[in-house]
Amino acid sequence: MEAVVITGVGVISPLGSGKEEFWQGLIKGREGCAEITAFDTAPFRSRKGAVVTGFHPKAFLPPLKIRRLDRASQFTIAAARMALEDADLAIGKDVSAERLGIILGSGFCGVVNSEAFHRGQVMQGPSDLNPILFPNTVPNAAASNCSIELGIKGPNSTVVQSFCTAEAALLFACQQLLAHRADAIITGGVDELSALLYRGWNELRLIAWDAGEGERSAPYDLKRNGFIPGEGAGVVVIERDTDARRRKARIYAKIRGLATASGAGHPEEKVARTITGALKRGGIETIDFIDGAGNSSPLVDAAEAQGLRLALPDCYRDIPLSSFKSMLGEGIASGGMRIAADLLILERGVIPQTINYAHPDPFCLLNVVQESLQAPIETILHTGISLDGTYMAVILGRANGVS
Amino acid sequence: MRNKKRRAVVTGMGVICAVGRTRAEFLSSLQQGRRGIREITLFDCTGYASHVAAQIDSYDPLDFFDKRELRRLSRVDQFVLIAAEEALADAALVLNPRDGAHIGVCLGAGAGGMRSAEIYHRQLLNGKRPKPSLLLPFVPSYATDRVAERYHLEGPRTTITTACSSSASSVAYAAELIRWGEADVMACGGGEALSELTFGGFCSLKIVDPFPCRPFDARRQGLSLGEGAAVLILEERERALERGATIYGEMLGYSLGGEAFHITAPEETGKEEARIIREALHDAGVKPYEVDYINAHGTGTILNDQVESLAIKEVWGQDAYRLPVSSTKSMIGHCLGAAGGLEAAASLLAMHHGFIPPTAGFEQGDEICDLDYVPQAREAEIEITLSNSFAFGGNCTALIFGREVLRS
C-alpha cells in the first residue's frame, strides 16, 4: 500500500499559537487550564477550562472577516495557513485548488452560534433574528469557512465521532488520499469551548472538580476525578509519500498504522484491539513512546492502561507514556493538537511530561513521564478512546527511521 | 488496500419521513407524488414567515421504544433507529457476533439532538431547572453510536456533519470503506428532526416558502424543511451475490468537493457544481449520456434551483433537455442531515421499480429552470442515476448509482 506522510503542522492551543510556542509550552509543562473568564461559571461545580488565550487573528485574517467569523473558524483558518506554510505547499503552485482537500474533525464548532441564535429566538421572538449567526451554527462552518478563505476546492468534509473526532477525520483523509481523490489534505481537529457545552459536561458530571486536590487535569493519577474541557485547533497536511518525496518536502512522520475498533462494553479489549491492529498493519515491533488518550477521567484512563497491558503485555510498563491532556485539557477533537505534538516529538527527540501526576494508581501502572526527557523516538503510538464505543490507534514513524 | 474488485452494492433500505413510515409507504408516495408538507405542530411558529414543514405527524415514540429508552433518545435518534431496524431487516443480514466486527456505521447528521437541546435551553433561559439528560444526544455522533450499540455493529464508526450534504457523504465514505476492505457491510444514511432553531434559522435567511415548496417552479419562494431518516445497507458485492441478497443498485462513484465560494450561496454560474458532478461521473466511469435520471438537490430557493439547472446544462449541454430531473423535496421537504440519504433511497427505489419520481406541484419553470422537471411520476427504465446534495459552506456531494442487473 502507498504510504501517507505528514509534511506540515499548524496549532492554535491553550499553550500558545504556532508550533514553537506550543512546543515550548509542552516541554516546560505549562498549565493550559485556568479559571474561565469568557462566561460565568458560578452555577457550576467546576470553574476551569483550557481556553486559547493570546491568539491574534489579525495575522491571519482581514479585520472585516475577523468580525464575521466565529472563533472555531478563525482557529481553523490560522492553523491551516500555518500548516500549509510549514509544508511549503502553495495553492496554485505546488498543488491545485481542486487537488487540495480539507477533512476536519469538529468538536462542537457552531454551538456558540446555536446558543446565541436560540437565545434570540427565546428572548426576543421570531422577528429581527440575526441572519449572520445561523449559517455558522453548522459543525462544518469551520472547515468550510477555511476552504472559502484559502480557496480549497478538493474533498471537503467534516467529521464528528465523540472523543475520537480528530482521529476519525485522519482516517477519512488518508482514505481519500489513497484513493487518489486529492494530492494533499488538511486534516485534524478543532474544538471551541462554549458556555452551553461546559454546562452540559458539568451537568453530566464529567468535569474535574476540587475534591481536596484542587481542580486539575491529572491523567492516570489515583485522585483524578474528571477532565477539564478545552479548545484549540491542531491540523496537519498529509500527502502520499511518493508525492512528498518528489517535491522534496520535509517529512515529519509516516502514518505507519491506523486501526479502529468499536462496540459497547469491555473498553480495554477494544483499546487492545486497535493497538494490535495498528501494529500489525505497520509491521511494527517496537514503540518508543505512547501519546495517551488518558484525560483524567477515572474510566478512560483505566481502560487505556488495561488495554495497553493486554496489547503489550511484556513492555507496557516500560514504554514512556504521557498525556498532553494534562496541559491541553480535553475536547472531542483534541486529537488534532496531540498529533501536532507527536510530530514535534519525532522531529526533536524530546518527550514532554504529564503534569499533575502525583499519586500512582494501581489500575494505571504505566511509565508516566513526569519530567520531559530526551530520547531518540522512531515510533509513537497515539491512542483515541471514546467510551461511547469508538476506539482508534495511530502509529506514527519517523520518516528517516525504519521504513 | 483498495481492490478494484471490491464493489459496494445496496442490499437494504429503511425509511421514515413525512410521506412514509416504511420503505413501502415511501415508494408508493413517490409513485403517487404525495406531498407531506403541512402545518407545523411540533412547536409554536407564531411570528415566523412560514408555518409549514414536512413534519412526521401522529407519531408516538412509544410505538417503537419503551419509556426508559426514550429518556436517552432525542427525536432524531428515534427516527434513525426506526430506519436502521427496517434496513437491517430488509437486508436480511444474520447478525451474529462474528459478523458484527465487519459491519460498520457511518451516518450523516444535521442538527442532531438539537430538538432536545433547545428544549433544555429554553427551560434554562426561562429560569427552570431542565433535565441534564436532554443534553446527552447533543453530540452529532450520538445516533451513530446508538445504532451500532443496538445491533452490536463493531466495524468502523464515523459521523459526517456537513449540514445538507451529510448523509450523501456518509454513503460515499461508506462505499469507500467497503472498497478498501475496512468493512464488508456498512450502515449509512442519516437523520434529521425538525427544530425551532433550524426553522427559525432558515426563516432568518428569508429562504423558507410560506407555501409548501415548489422546486424549479417560477412561483417558488424558498424551501420547506422536513424531517426523517434513511438508512442504507451497503455491502461488498461478492458477499451480497453469494448470499443471494436483493440488490437495489451499486454505488458506482462519487465526488465530495468544496466550492470555496460562500457560506450560504452557491457559486452563481454553476461551474463549481458542474465540476463536482463531472468528477463523480469520472469516478464512476460513466459518460454523461448514460445517466437516465437526476435526483436534484432542488430545494426550492430561487438561487439553488437556478444554479443547479445551470450546472446540469453545463455538463449535459443540449442533452440536458432530454434528461429527467426531479426534486423529491417537493414531497418530503428539505430534510437537511437526512436529505442525501432519503434522496439516495428515492433514486434506488426509482431504479429498482422502474419509475421516475416527480417534482410534485411543479407547473411552470422560468427562463433558467427550463428542463424536464417531471411534474407527474412516470414509468421508465433507469440504469444510472445521479443524486446531488449541496450544503452550507459550499460542501457539494454527487453520488452515482447503477442498476445491478446491467452491470455485472
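Not measured: the values here are computed from a predicted model. (Residues numbered from 1 in each chain as written. Chains lettered and ligands numbered in written order. Predicted model: local features only at pLDDT ≥ 70, side-chain atom pairs only at ≥ 80, totals over all residues. Heavy atoms only, no water.)

Caption draft 1: Representation of the overall build of chain B within the structure. Helix and strand counts for chain B stand at 13 helices and 14 strands. For 408 residues, the compact-globule formula gives about 22 Å, and the C-alpha radius of gyration of chain B, at 20 Å, lands near that figure. Dimensions along the principal axes, computed over C-alpha positions, put chain B at roughly 60 × 55 × 40 Å. For chain B, the share of sequence-separated contacts (at least 6 apart) that also reach a separation of at least 24 residues comes to 77%. Accessible surface computed for chain B: about 13,400 Å², of which carbon and sulfur atoms make up 50%. Charged side chains of chain B number 42 positive and 53 negative; the gap between the two group centres comes to 4 Å. (Helix = DSSP H or I, 4+ residues; strand = E, 2+ residues; numbered from the N terminus. Rg over C-alpha atoms; globule rule 2.2 N^0.38 Å. Contact = heavy atoms within 4.5 Å. Areas by Shrake-Rupley, 256 points an atom, 1.4 Å probe, with all protein chains shown as cover. Lys, Arg positive; Asp, Glu negative; His and termini not counted. Charge placed at Lys NZ, Arg CZ, Asp CG, Glu CD.)

Caption draft 2: Up close: the interface of chain B and chain A. With 67 residues of chain B at the interface, the matching set in chain A holds 63 residues. Note on chain B versus chain A: buried area summed over both sides is about 5,500 Å², and carbon and sulfur give 60% of it. In this assembly, chain B and chain A are joined by six salt bridges. A salt bridge links R181(A) to D283(B); the nearest nitrogen and oxygen atoms lie 2.8 Å apart. Scanning the region where chain B abuts chain A turns up 30 residue pairs in polar contact (both at pLDDT 80 or more). The set of elements that each furnish at least two residues to the side of chain B that touches chain A consists of α5 (114–125), α6 (142–150), β5 (157–160), α7 (166–179), α8 (196–204), β8 (249–258) and α10 (271–284) of chain B. Grouping the amino acids of the side of chain B that touches chain A by side-chain chemistry returns 29 nonpolar, 22 polar and 16 charged. (Buried area = accessible area lost by both parts, 1.4 Å probe. Salt bridge = Lys/Arg side-chain N within 4 Å of Asp/Glu carboxyl O. Polar contact = N/O pair within 3.5 Å; in protein donor to acceptor, adjacent residues only side chain to side chain. Nonpolar A, V, L, I, M, F, W, Y, C, P; charged D, E, K, R; others polar.)

Caption draft 3: Seen up close, the side chain of K19(A). Residues and elements named next belong to chain A. Along the polypeptide, K19 turns up in helix α1 (residues 19–27). Exposure remark for K19: the relative accessible area of 19% places this residue in the buried category. Of the polar contacts made by the side chain of K19, one reaches the side chain of D86; its length is 2.9 Å. Ignoring any residue separated from it by four or fewer positions in sequence, one finds K19 in contact with V9, V11, D86, R250, Y252, L344 and R348. (Buried < 20%, exposed > 50% of the residue type's maximum accessible area, 1.4 Å probe, protein only.)

Caption draft 4: Just the environment of D241(A), in detail. All names here are of chain A. With respect to the helices, strands and loops of the structure, D241 is situated in helix α8 (residues 241–246). Counting along the chain gives 158 residues from D241 to A399, while the straight-line C-alpha distance between them is 9.4 Å. When residues no more than four places from it in sequence are discounted, the contact partners of D241 are A3, V4, V5, I251 and K254.

Caption draft 5: Geometry of the nonpolar core. Within the largest apolar cluster, 100 residues are counted, with the highest numbers of intra-cluster contacts made by I238(A), I255(A), F26(B), L232(B) and L234(B). Core analysis: the next-biggest nonpolar cluster, separate from the first, contains 47 residues, F44(A), F227(A), A53(B) and F202(B) among them. (Core = buried A, V, L, I, M, F, W, Y, C linked by side-chain atoms within 4.5 Å.)

Caption draft 6: Representation of the pairing of strand β8 (residues 232–240) of chain A within the structure. Residues and elements named next belong to chain A. In terms of burial, β8 is largely enclosed, as nine of its nine residues are buried. Along β8, one buried face is formed by G232, G234, V236, I238 and R240 and the opposite face, lined by A233, V235, V237 and E239, is buried too. As defined by bridge partners, strand β1 (residues 4–13) adjoins β8 across eight bridges and the pair is classed as antiparallel. Residue pairing across strands places V4 opposite R240, the latter belonging to β8. (Pairing = 2+ DSSP bridges.)

Caption draft 7: Fine view of the confidence of the model for chain B. Overall, the predicted model of chain B reaches an average pLDDT of 95, with 97% of residues at or above 70. Interface predicted TM-score (ipTM) for the complex: 0.96; the corresponding pTM is 0.97. (pLDDT = per-residue confidence, 0-100.)

Caption draft 8: Seen up close, the side chain of S116(B). Residue position: S116(B) is located in helix α5. Among all residues touching S116(B), those that are not within four sequence positions of it are S74(B), L134(B) and P137(B).

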